[in-house]
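Read off the chains here:
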Amino acid sequence: MKIMKFGGTSVGKPERMHQVKDLITRDKQKKIVVLSALSGTTNALVGIGEALAEANKELAKERIDSLHSHYLQFYKELLKTEAARSKAEKIIKEHFEFLNIILKISFNEAINRDILAQGELLSTKLFFTLLQELDIPAVFLPALDFMSIDENSEPELKKIAEKVKVILANYPEDQIFITQGYICKNHRNEVDNLKRGGSDYSASLIGAAVSADVVEIWTDIDGMHNNDPRVVDKTRPIAQLSFDEAAELAYFGAKILHPASIWPAQQYNIPVKLLNTMEPDAPGTTITAKEIGSGVKALAAKDGITAIKIKSSRMLLAYGFLRKVFEVFEKYKTSIDMITTSEVAVSVTIDDLSHLDEIVKELEIYGMVEVDKNQTIISVVGNMIAESKGTLAKIMSSISDYPIRMVSYGGSRHNVSLLLDAKYKNEALKSMNEGLFEW
């Protein structure tokens, strides 16, 4: 059994869906195909929810109608026979009737999660209709029948495994199963989700649940690159990464992979491949437990970072000071990316500003607090970076033209992180690309 996950760009156009159909039928291996929503759909659904949250039903209606028009055009280009088109029309009608009904009832967060689920439900049903039209045998596997999270929004992997194995046992001869990424049920049995980018997470969780041979993440780029190709002209795909290296890159900004998606595969030692739907024969990137080589392999940048410095000559050396500082962040469920300390100050970075004012107010009890917004973390990732002689000097030399706010070094053998003002990000990435990689 293998897992094949296709992102929004891979299913975002009718011709792309046909490419996906070709890819999943290239071999006879049993597979679970995990689909994201069509590209742009989730953003549109978020916009509908935002309009409803502001009680702007007229704007919500406009956005629903605009999205509806897109799908009415999409299915006509996707399908050829009248029977298949009739089926698709009914599917689309059902889901947009649901969205229009929501205009008439009180909006709440549970309804918003229902709205967000419509994208994956639509994409999988339309794709399944395409397979039926082409007489390709497949089984529709609703994710809401087996994907679940607990009260802390953590996936219930044991329960997922039990449920999905029971379902699969009913189809011993079938080879292709179609399911949704991203969506799940929560502990109240309501429709919920694995947050943005969660289709990768779904694929990895399902892979762990069925002990898959491999999890393939198909997207629109040929593997994980050694720098951001949207910013830097000369980048190249990395053939091999360890789970730890890939996790660092995903967490610190590599958009091709959702940060959480590494963990389930790593726990069950299931290889993950990052492949290109548009260039299916390109080798892409393979992620395994094996660590190969040493030194710098890639750069990633994480935007939207805020730095908080707590300065207190009286308190910092006092027993329990750091614990008290961290307890403030824990209280507001705000995770910290980086931390540095000096004799009189401690600096941390966060990317969740929803409780920033409350956090700052409580930290002011312990000293003077400074907040710097619009920062970027550039993460230098590889193997044995801290142990590699001269690597840190090379890193700092490559970025010497830009003021560095914080440096995190030695916390991980796979990572050196640098914090700088976001306005320097693009030029810094280009400079580091020239200084760290040989071309």
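Here the residue numbering is sequential within each chain, running from 1 through the sequence in written order. Restriction of local features to residues with pLDDT of at least 70 applies here, the model being predicted, together with a cutoff of 80 or more for giving and counting side-chain atom pairs; totals for whole chains, interfaces and linings are based on all residues. Hydrogens are left out, water is left out, and the side-chain values use all remaining heavy atoms of the structure.

1. Focus on the sheet that holds strand β14 (residues 368–383)
Okay, so step 1: Within the open sheet, the six strands sit side by side as β12-β13-β11-β14-β16-β15. Their pairing is antiparallel. This sheet does not close on itself; its edge strands, each paired only once, are β12 (339–341) and β15 (406–412). When the angles between neighbouring strand axes are averaged without regard to direction, this sheet yields 30°.
Okay, so step 2: Relative to strand β13 (residues 345–350), β12 runs antiparallel, the two being bridged by three bridges. Each residue of the ladder has a partner; that of T341, found in β13, is V346.
Okay, so step 3: Whether two residues are in contact is decided by their heavy atoms, any of which lying within 4.5 Å being enough. Whenever a helix is involved, its axis is fitted only over the stretch in contact; in every case the axis is a line through C-alpha atoms, and angles between N-to-C directions fall within 0 to 180 degrees. Working definition: helices are DSSP H or I runs of at least four residues, strands are E runs of at least two. Numbering for both runs from the N terminus. Across the face of the sheet, helix α13 (residues 391–398) comes into contact with β11 (295–311), β14, β15 and β16 (415–421) while running at roughly 20° to β16.
Okay, so step 4: Packing against the sheet, helix α14 (residues 425–436) makes contact with β11, β14 and β16, and its axis sits at approximately 140° to β11. Pairing between strands requires that DSSP locate at least two bridges from one strand to the other.

2. A short note on helix α12 (residues 356–363)
Okay, so step 1: If you check which residues of α12 are buried, you get L356, I359, V360 and L363. On an axial view of α12, the arc spanned by its buried residues comes to 95°, and they lie on one face. Within α12, the exposed residues directed more than 90 degrees away from the buried face are D357 and K361. Here the term buried applies to any residue with accessible area under 20% of the maximum for its type, exposed to any over 50%, and partly exposed to those in between, with areas from a 1.4 Å probe on protein chains only. Each C-beta atom gives one direction from the helix axis, and the arc is the one those directions make.

3. Some words on the UniProt feature "domain: Aspartokinase ACT" (unreviewed entry) in the chain
Okay, so step 1: UniProt positions are given in the numbering used here, feature names are shortened, and annotations may be inferred rather than shown by experiment. Taking the numbering used here, the UniProt-annotated feature "domain: Aspartokinase ACT" (unreviewed entry) corresponds to residues 378–434.
Okay, so step 2: Structurally, residues 378–434 comprises 32% helix and 35% strand, and the distance from its first C-alpha atom to its last is 15 Å.

4. Quick notes on the sheet that holds strand β2 (residues 31–35)
Okay, so step 1: Spatially, the eight strands line up as an open sheet ordered β3-β4-β2-β1-β7-β9-β10-β8, and their pairing is mixed. Two strands lie at the open edges of the sheet, namely β3 (139–140) and β8 (240–242), each paired on one side alone.
Okay, so step 2: For strand β1 (residues 2–6) and strand β7 (residues 214–219), the ladder comprises five bridges, and the chain directions are parallel. Counted as the bridge partner of I3 is V215 from β7.
Okay, so step 3: Contacts from helix α2 (residues 14–24) reach β1, β2, β4 (176–180) and β7, with the element oriented near 170° to β1.
Okay, so step 4: Each of β8, β9 (272–276) and β10 (285–288) is contacted by helix α9 (residues 243–251), which is oriented at about 90° to β8, the strand it contacts most.

5. What about unusual backbone geometry?
Okay, so step 1: For A55, which is not glycine, the phi torsion reads 60° and is therefore positive.
Okay, so step 2: Counting through the fold element by element, A55 comes out in the loop between α3 (41–53) and α4 (57–78).
Okay, so step 3: Among the residues examined, A55 registers a relative accessible area of 62% and is labelled exposed.
Okay, so step 4: A positive phi angle, near 55°, is found at M384, a position not held by glycine.
Okay, so step 5: Checked against the element boundaries, M384 lands in the loop between β14 and α13.

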